[in-house]
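Reading the structure
Each chain, letter by letter, is given below.
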Amino acid sequence: MSDKALDPICTSQGEVLGRLPASLVLLLAGASAFSVANVYYAQPLLDAIAHDFTISLASVGMVITATQLGCALALLLVVPLGDRINRHRLLAVQQLLLIAALCVVGWADNSLLLLSGMLLVGLFGTAMTQGLIAFAATLAAPHERGRVVGAAQGGVVLGLLLARTLSGALADMGGWRAVYFFSAAVTLVLLPVLARLLPAPDTAPSTLRYPALLRSMLTLLWGDRTLQIRGMLALLMFAAFSIFWSALVLPLSQAPFNFSHSVIGAFGLVGAVGALAAVRAGHLADRGLGQVASGVCLLLLVAAWVPLSMLSYGLGWLIMGIVLLDLAGQAIHVLNQSLIFNAYPQAHSRLVGGYMLFYAVGSGLGAFASTHAYAWAGWSGVCWLGAGVSLVALLFWWLTLRGMPASGAVVEQ
């Protein structure tokens, strides 16, 4: 790829320091957890939202789809700006706009305003989260990028899983709208903390103008085989992930379970066991074992749907399936990011923006298909759909093995 498409950026802070301090990595992980939670608060609340706005169970998945559309817009139009302008100012503006979007959702009195607010929450919540991930990758040296990105991604995992637990508990206490007002308050507190504690990266901003910056991301999507292959794996994996989590509230809120929102949200804590173990996948990518680990994780992703389909036989099967699903899915996510960041280390914001576009498409399609599958065929239909998508991901990985560049290869500029 030419220098015109991707202009060079100077040495990362990680290369200067040798190894990022644990406190800085923890800060990035914590901030990522808080920001990403906004995108997932709605999943255990879909039945309450459907009742409040008189939306059918088959159509309420549009709430998640609207959020994922906002995610896609953020990845395409906002996240690449991290390579162009001051990251601290960008984060501050995103947080202020996120607070406004959360208040719109909390005050929504019709479905159009609700969907508009959800779109904005997805846009600004995603822009902030992925900006932090790209920030972490920029600060880290190449030899520890898998570790640092894995740790930051671990924060994202905790945020998205605990979001379900927190939103369920808050909804039981004060209704589903209280979840979004609470999140607006947390974001307001987080604003000065990040402004004060996040360091300025030792990198020069891109000299590309905004239109050229966006074109360069499209150039990456068009020409980088690693991004294409790992992005397609992400689309299929996140579709399977969204199929499960978007539909889970529907059987658990009905007979014979009749669980409250807080209990349903607590199943996210179960997933944290597997998802946090997946953080170690970044170390495998650093050692050149990314492809082998990917195959194993995709097999686990397919296998997870067996215990998930046995919900009617007891919650123990559901718990087993959640652990396997989150372990496999999040490990694949960490491996994907570790591999794509090594290809063009001077364009991390654009890389994460392009990669996460696949995520947004997969999550949105998965949520839409999931609620329809449940309306048509119940929980068994959801599981057959999820297993089929997971199997397609495994077959795609196997068919593209020879097309992947060598792990850890860095493209010269």
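Residues numbered from 1 in each chain as written. Predicted model: local features only at pLDDT ≥ 70, side-chain atom pairs only at ≥ 80, totals over all residues. Heavy atoms only, no water.

1. Some remarks on the overall build of the chain
How we decide: A run of H or I in DSSP becomes a helix once it reaches four residues, and a run of E becomes a strand once it reaches two; helices and strands are each numbered from the N terminus. Per-residue accessibility, obtained with a 1.4 Å probe over protein chains only, is compared with the maximum for each type, and a residue is labelled buried under 20%, exposed over 50%, and partly exposed between these values. Should any heavy atoms of two residues lie within 4.5 Å, those residues are counted as being in contact. Residue-level accessible areas treat just the shown protein chains as cover; the underlying method is Shrake-Rupley with a 1.4 Å probe.
A tally of regular secondary structure across the chain gives 16 helices and 0 strands. When the 413 residues of the chain are sorted by exposure, 58% land in the buried category. Long-range pairs, those at least 24 residues apart, make up 85% of the contacts in the chain with a sequence separation of at least 6. Accessible surface, the chain: about 15600 Å² in total, of which carbon and sulfur atoms supply 70%.

2. Considerations on unusual backbone geometry
Leave glycine aside and you will find that most residues have negative phi; peptide bonds, for their part, are mostly trans. The amide bond that connects A255 to the next residue, P256, takes the cis arrangement and shows omega of 5 degrees. The residue P256 is located in the loop between α11 (249–252) and α12 (261–278) in this model. Phi at T54 takes a positive value of approximately 55 degrees, unusual for a residue other than glycine. Tracing the backbone shows T54 in the loop between α3 (46–53) and α4 (62–78). A residue is classified by how much of its surface remains accessible, and T54, at 72% relative accessible area, is exposed.

3. Observations regarding the confidence of the model for the chain
Worth spelling out the cut-off: In predicted models, pLDDT denotes the confidence assigned by the predictor to each residue on a 0 to 100 scale.
Residue-level pLDDT values for the chain average 82, and 88% of them are 70 or greater. Between residues 1–17, whose pLDDT stays under 50, and residues either more than four places distant or in other chains, the model counts 52 contacts. The low-confidence segment residues 407–413, where pLDDT is below 50, has 18 contacts with residues more than four positions distant or belonging to other chains.

4. Some remarks on a nonpolar patch on the surface
This is how the line gets drawn: To count toward a patch, a residue needs a relative accessible area above 30% and no salt bridge. Like charges then connect within 9 Å, nonpolar side chains (Val, Leu, Ile, Met, Phe, Trp, Tyr) within 5 Å. Salt bridges are defined as contacts in which a side-chain nitrogen from Lys or Arg sits within 4 Å of a carboxyl oxygen from Asp or Glu.
A contiguous nonpolar surface patch, about 470 Å² in accessible area, is contributed by L69, L73, L76, L77, Y210 and L218. Those elements that place two or more of their residues in the nonpolar patch are α4 and α9 (210–223). Tallying contributions element by element places α4 first for the nonpolar patch, with 4 residues. Relative to the helices and strands, L76 is located in helix α4.

5. A closer look at the side chain of H333
Here H333 lies in helix α15 (residues 315–343). Those residues in contact with H333, other than ones at most four positions away along the chain, are Q153, M237, F238, Y355 and M356.

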